[in-house]
Amino acid sequence: MDRRSLIKNAGIAGVLAAGVAPAVHAQAAVRWRLASSFPKSLDTIFGSAETFSRTVKALSGGKFEVSVHAAGELMPAFGVVDAIQNGTIEMAQTAPYYFTGKDPIFAFGCAVPFGLNARQMDSWMEHGNGRKLMDAFYAKYNMKSFSAGNTGTQMGGWYRKEIKSVADLKGLKMRMGGGLFGEAMAKLGVVAQNMPAGEVYQALEKGTLDATEFVGPYDDEKLGFNKVAPFYYYPGWWEGGAELEFFANTKAYEALSAENKAIVDAATQVAARDMTAKYDALNPVALKRLVAAKTQLKPFSKDVMDAGFKASMEVFAEHEARSPEFKKIHQDMRAFQRDQLLWTRFSEYRFDSYMTNVKI
């Protein structure tokens, strides 16, 4: 097998195992810039972009380099899609649902209320119709997508007061990552705020915010939310498996050689897998630290979950009525989800339920 075939078919694992570097020595050096929507302090999410950059450089023998820039360095956190669309940068790393102000369809590239978990999202994207449908949508913005990793099911956020019932949500000023969740919560009386993670602590401390959701124990601990909002709820029903994405400018990607396209493809897969595994490894330990530090860990009541589900389904129906494209993607995702839930009932769910109730 020649080197071109090796990297195209085997990806980074096969290349490294074989001890073969891709045949890019005769090509001109490539220099890309990647802007992230996240701060450097989040070594999980931002670390995915750094892993991607290191892998690209290693596979190309230094001929292809991607400089990585945290939120605010080249542009504001929420300016990355415009920059990709205009060709200002070649790549971005972000949460697509930050951009539902442009079009609600962006949410399907990340997470929607009562949507797919991490494994289901990966399966829908890579072996269902997810990536195909989303890239057809992203083409309007001159970009294509690659997974940057998945957080898994997120926590339900930090609150300055207890949420005992749906009535406690009325008038609550809450930072939300974006997407259709804000519309669903608005139906329950919540006042949604969308702001970068780095600004949330101060807003909670001053009382500008009453609550915030971000990701989970490891990231939330780093951001210090437990110091200003003692009640930590679960689960984050709006993010059953939040997918982070790499966006590449279509023109820049198509201008790459076949070898360099394969390198980008392989490097995104390495970064995505590493990020998800890192969250699974770090979150349990961080949660124990938070509880030891007097965080009050509480589940959402079934009434709150039911109210969230009802409001979310109303939001989906409203968007389906306005947009045939939204309806097509939503219905495809739900059909895939129904099969996944059927299978999970006989596999992970039954096994995990048993294991959480025995002593090991």
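Details of the structure are given in the entry above.
The model shown is predicted, which means the values in this text are computed figures rather than measured ones.

**Considerations on the sheet that holds strand β11 (residues 296–299)**
Line of reasoning, step 1. Across the sheet, six strands lie side by side as β7-β6-β8-β5-β9-β11; this open sheet has mixed pairing. Two strands lie at the open edges of the sheet, namely β7 (191–193) and β11, each paired on one side alone.

**Brief notes about the pairing of strand β9 (residues 231–234)**
Line of reasoning, step 1. Pairing analysis gives three bridges linking strand β5 (residues 157–159) to β9, with the strands arranged antiparallel. Looking across to β9, one finds that Y159 is bridged to F231.
Line of reasoning, step 2. Here β9 pairs with β11 via four bridges, running parallel. Note that in β11 the partner of Y232 across the bridge is L297.

**A closer look at the environment of D82**
Line of reasoning, step 1. Within the element layout of this structure, D82 appears in helix α3 (residues 80–86).
Line of reasoning, step 2. Separated by 59 residues in the primary sequence, D82 and Y141 have C-alpha atoms spaced 8.1 Å apart.

**Some remarks on the environment of K187**
Line of reasoning, step 1. Mapped onto the fold, K187 is located in helix α6 (residues 181–187).
Line of reasoning, step 2. The partly exposed category is assigned to K187, whose relative accessible area is 38%.
Line of reasoning, step 3. Along the sequence, K187 and F146 sit 41 residues apart, while their C-alpha atoms lie 33 Å from each other.
Line of reasoning, step 4. Discounting chain neighbours no more than four positions away, the residues touching K187 are A311, E314, V315 and E318.
Line of reasoning, step 5. Reaching out from K187, the side chain makes a polar contact with the side chain of E318 at a distance of 2.9 Å.

**A closer look at the packing of helix α4 (residues 118–127) against helix α12 (residues 324–346)**
Line of reasoning, step 1. Where α4 contacts α12, the axes come no closer than 10 Å and their chain directions differ by 130 degrees. Here α12 runs oblique to α4, going by the angle between their axes. Crossing angle aside, the handedness with which α4 passes α12 is right-handed. Where α4 abuts α12, its residues Q120, S123 and W124 lie against I329, D332, M333, F336, Q340, L341 and T344.
Line of reasoning, step 2. Residue composition of the contact of α4 with α12, by class: five nonpolar, four polar and one charged.

**Here we look at the packing of aromatic side chains**
Line of reasoning, step 1. Taken as a whole and assessed by the stated rule, the structure comprises 26 aromatic pairs.
Line of reasoning, step 2. Within the aromatic cluster, the residues linked to one another by ring pairs are F38, F78, Y97, Y98, F99, F106, F137, Y138, Y141 and F247.
Line of reasoning, step 3. Cation over ring: K144 sits above Y253, and NZ or CZ is 5.2 Å from the ring centre.
Line of reasoning, step 4. Looking at R334, its charged tip hangs above the ring of F316, at a distance of 4.9 Å from the centre.

**A few points about empty space enclosed by the protein**
In this approach, a probe sized like a water molecule rolls over the atoms, and the result shows the empty space that is left.
Line of reasoning, step 1. Within this structure, the stated rule accounts for two cavities of 30 Å³ or more.
Line of reasoning, step 2. If you add up the space inside the largest cavity, you get close to 80 Å³.
Line of reasoning, step 3. Surrounding the largest cavity, 16 residues form its lining, Y97, Y98, Q154, V215 and E239 being those nearest its centre.
Line of reasoning, step 4. Among the residues making up the lining of the largest cavity, the classes are represented as 10 nonpolar, three polar and three charged.
Line of reasoning, step 5. Put simply, the second largest cavity is a space of about 40 Å³.
Line of reasoning, step 6. A breakdown of the residues in the lining of the second largest cavity according to their chemical character gives eight nonpolar, two polar and no charged.

Rules used in this analysis
- Residues numbered from 1 in each chain as written.
- Predicted model: local features only at pLDDT ≥ 70, side-chain atom pairs only at ≥ 80, totals over all residues.
- Heavy atoms only, no water.
- Pairing = 2+ DSSP bridges.
- Helix = DSSP H or I, 4+ residues; strand = E, 2+ residues; numbered from the N terminus.
- Buried < 20%, exposed > 50% of the residue type's maximum accessible area, 1.4 Å probe, protein only.
- Contact = heavy atoms within 4.5 Å.
- Polar contact = N/O pair within 3.5 Å; in protein donor to acceptor, adjacent residues only side chain to side chain.
- Axes fitted to C-alpha atoms, helices over the stretch in contact; angles between N-to-C directions.
- Parallel < 35°, antiparallel > 145°, perpendicular 65-115°, else oblique.
- Left-handed = near helix turned anticlockwise from the far one by under 90°.
- Nonpolar A, V, L, I, M, F, W, Y, C, P; charged D, E, K, R; others polar.
- Phe/Tyr/Trp six-rings, centres within 6.5 Å; stacked < 30°, edge-to-face > 60°.
- Lys NZ or Arg CZ within 6 Å of the ring centre and 35° of its normal.
- 1 Å grid on protein atoms, 1.4 Å probe; cavity = no way out; pocket = protein on both sides within 12 Å on 5 of 7 lines; lining within 4 Å.
- Points joined across faces, edges and corners; volume = space filled by probe spheres on them.

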